[in-house]
Amino acid sequence: MFRPGSPLPDTGRAAESAADSARVGQPRPLDDTRQPTAAERVRTLVESDASAALCIPGADLDDLGAAAPAARTVTPDGDVLLLVRGDSPTARAAAHAQDDELTAVIEITDVAPVAVPHRIRGRGWIAGWLAPVPAEERPACAMLLAKRHPVGEILGLDEARKNALTSDDTVRPDWLLLRLEVGEACVEDLWGSESVEPDDLAAAHADPLVGHETELLQHLASAHSDQVRGLCTLLGDRMCGVGDRAVPVSLDRFGLRVRFTDEDDHSFDARFDFPEPVSDVVGLRRAMHTLFEAALESE
């Protein structure tokens, strides 16, 4: 059933205790709200532009920038590919480990691309065993990474195509491709906290809007702020005040989350489901149009 708007629990102004809870942390969704699975949320974090840090127990990674992969993606088998500088502590640790198992943890921090209270939307952790990608697998892995991130130039893929370079020459020596064999993963975000099995991560798909979410949220906040705030009419009169601010805080194929903040800086989230899941930006435009029309009819 199309339920265009629903306030998330522990928020709003229906009771004083709800306002108190809105001050202390992120709200959580209704049990029947359509939502991505935990595996899909981790997969989406990996494929997003959210900041990531790589921790290797016992390695000297004092330079935080050196521990941040330049790009990352997930292979069809569920491993995580990481692109790091060849002279980084991460690359040295992987090279020195050779055939030994090198444990590592990727931490991904998801920050809302718009100005909003409680701006950190969530974090994901992926733990496993790290190793350099073998020479014979580098071309395929480099191409997979370049399909999802603009790293073709730094990987030298254009040169490889022009000069028919061998597999050993495909990835420039100042960059190193690493593979993390996933042992476990977990996510703590606006939906809640959950663990993810490696097989589930391998089978999951990233949200189809992951590559567009940042610009879409920023566009909605800057060019359609009145319409976004107008969605409040779908929640009932008691949920919003005259001076409330409304900011779109997250977007996925199932719907839009808006954070409303009153004049006393008390916040609550509301989730606006789309009539059906969208698969691309064209479908999103239709879904947003439906939401805005529903809000106008509710005035």
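For the structure, see preceding data.
Figured I'd write up the structure that's included with this text.

Rules used throughout
- Residues numbered from 1 in each chain as written.
- Predicted model: local features only at pLDDT ≥ 70, side-chain atom pairs only at ≥ 80, totals over all residues.
- Heavy atoms only, no water.
- Salt bridge = Lys/Arg side-chain N within 4 Å of Asp/Glu carboxyl O.
- Helix = DSSP H or I, 4+ residues; strand = E, 2+ residues; numbered from the N terminus.
- Buried < 20%, exposed > 50% of the residue type's maximum accessible area, 1.4 Å probe, protein only.

### Observations concerning the pattern of salt bridges
- Counted according to the given criterion, the structure contains 16 salt bridges.
- Among the ionic contacts, a cluster of salt bridges with common partners joins Glu 40, Asp 207 and Arg 253.

### Some words on unusual backbone geometry
- Even without a glycine there, the phi angle at His 118 is positive, about 55°.
- Tracing the sequence through the fold places His 118 in the loop between strand S5 (102-111) and strand S6 (120-132).
- Phi at Asp 265 takes a positive value of approximately 65°, unusual for a residue other than glycine.
- Position of Asp 265 among the secondary structure elements: in the loop between strand S10 (255-261) and strand S11 (267-273).
- Note on Asp 265: relative accessible area 53%, which makes it exposed.

### Here we look at the environment of Ala 295
- Here Ala 295 is to be found in helix H11 (residues 281-298).
- Owing to a relative accessible area of 5%, Ala 295 belongs among the buried residues under this scheme.
- Through-space distance from the C-alpha of Ala 295 to that of Arg 229 is 9.5 Å; in sequence the pair is 66 residues apart.

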